[in-house]
Amino acid sequence: MSKAAPIVDADVQRLAHTARSLVWALRRFGEREAGLTRLPQSEIEVLRAVEERPGCTVSDVARSLGLQSSNVSTTVRSLVDRGLLEKRADPGDRRSHRLHQTAVAQRNNRVIDEMWIRGVRRLLDGMSPTDAAKLAEAVPLLARLGAMPED
């Protein structure tokens, strides 16, 4: 059994840069392939937060993203105007509103997922079986990277 080489700063920097590039590439690939309108980064982040926690409030989103509630409110208003988010009155407190993705946003998410699946399939089909298997084996490690704390 061979011993793994220690991780050095250059490895960490390369992994961080590659992960960031991958995130940006995937984010825009699905939109472009699906023919969807590009959204500003702030709107993508708010949509993601609402997708992960349906029924959250503007304050919840602001806390989770480390933003001011006023900035999130502006972004939410834009997403409501675009028909991607809806605000529903909180049954327990009619002054408060809960955020939910609309059917359009949910459909867009499915379309983007389908585009990613097709794109990844094309990429894997163009690789050697060994490289494709290595990449597939790395999925649990990539998932751990994706679970990086947001604070």
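None of the values given here were measured: they were computed from a predicted structure. (Residues numbered from 1 in each chain as written. Predicted model: local features only at pLDDT ≥ 70, side-chain atom pairs only at ≥ 80, totals over all residues. Heavy atoms only, no water.)

Trainee: Please explain the pattern of salt bridges as it appears in this structure.
Mentor: Oppositely charged side chains may form a pair once their charged atoms are brought near each other. In this structure the tally under the stated criterion is nine salt bridges. Residues Glu-52 and Arg-48 are paired through a salt bridge, measuring 3.1 Å at the closest nitrogen-oxygen approach. One end of the pair, Glu-52, and the other, Arg-48, are both in helix α2 (residues 41-52), four residues apart, so they sit about a helical turn from each other. Under the relative-accessibility criterion, Arg-48 is labelled partly exposed at 25%. What emerges from the salt-bridge pattern is a single network uniting Asp-60, Arg-63, Asp-90 and Arg-98. (Salt bridge = Lys/Arg side-chain N within 4 Å of Asp/Glu carboxyl O. Helix = DSSP H or I, 4+ residues; strand = E, 2+ residues; numbered from the N terminus. Buried < 20%, exposed > 50% of the residue type's maximum accessible area, 1.4 Å probe, protein only.)

Trainee: Explain the confidence of the model for the chain here, please?
Mentor: A low pLDDT means the predicted coordinates there should not be read in detail. Overall, the predicted model of the chain reaches an average pLDDT of 85, with 91% of residues at or above 70. Within the chain, helix α4 (residues 69-81) carries the highest mean pLDDT (94), whereas helix α1 (residues 9-34) carries the lowest (77). (pLDDT = per-residue confidence, 0-100.)

Trainee: Would you mind going over the nonpolar core with me for this structure?
Mentor: Nonpolar side chains in soluble globular proteins tend to end up buried together. Grouped together as the largest cluster of nonpolar side chains are 17 residues, with contacts concentrated most on Val-46, Val-50, Val-61, Val-72, Val-76 and Leu-85. Among the elements of the structure, α2, α3 (58-65) and α4 are those that each provide at least two residues to this core. The biggest single contributor to this core is α2, with five residues. Sequence-distant contacts of Val-72, that is, excluding residues within four places in its chain, are made with Val-46, Val-58, Val-61, Ala-62 and Leu-67. (Core = buried A, V, L, I, M, F, W, Y, C linked by side-chain atoms within 4.5 Å. Contact = heavy atoms within 4.5 Å.)

Trainee: For this particular structure, what's the right way to read the pairing of strand β2 (residues 93-101)?
Mentor: When strand β1 (residues 85-90) meets β2, the two strands line up antiparallel, connected through six bridges. In the strand pairing of β2, Glu-86 is matched with His-100. Between β1 and the antiparallel strand that follows it, β2, lie two residues. (Pairing = 2+ DSSP bridges.)

Trainee: Please clarify how the side chain of Asp-90 should be interpreted in this entry.
Mentor: If you trace the backbone, Asp-90 turns up in strand β1. In this structure Asp-90 comes out as buried when scored by relative accessible area, which is 12%.

Trainee: How do you make sense of the packing of α2 against α4 when you look at a structure like this?
Mentor: In helix packing, the relevant descriptors are the interaxial angle and the interaxial distance, both defined with respect to the helix axes. The N-to-C vectors of α2 and α4 enclose an angle of 85 degrees; their axes lie 10 Å apart at closest approach. With respect to each other, α2 and α4 are oriented roughly perpendicular. Residues Ser-42, Glu-43, Val-46 and Leu-47 of α2 touch α4, and the partners they reach there are Val-72, Thr-75, Val-76, Ser-78 and Leu-79. Split into classes, the residues belonging to the contact of α2 with α4 amount to five nonpolar, three polar and one charged. (Axes fitted to C-alpha atoms, helices over the stretch in contact; angles between N-to-C directions. Parallel < 35°, antiparallel > 145°, perpendicular 65-115°, else oblique. Nonpolar A, V, L, I, M, F, W, Y, C, P; charged D, E, K, R; others polar.)

Trainee: Where do I start with a nonpolar patch on the surface in this structure?
Mentor: A cluster of nonpolar side chains, Leu-22, Leu-26 and Trp-116, forms an exposed patch at the surface whose accessible area comes to about 230 Å². Considering the arrangement of structural elements, one finds Trp-116 in helix α5 (residues 103-125). (Patch = residues over 30% accessible without salt bridge, like charges linked within 9 Å, V, L, I, M, F, W, Y side chains within 5 Å. Areas by Shrake-Rupley, 256 points an atom, 1.4 Å probe, with all protein chains shown as cover.)

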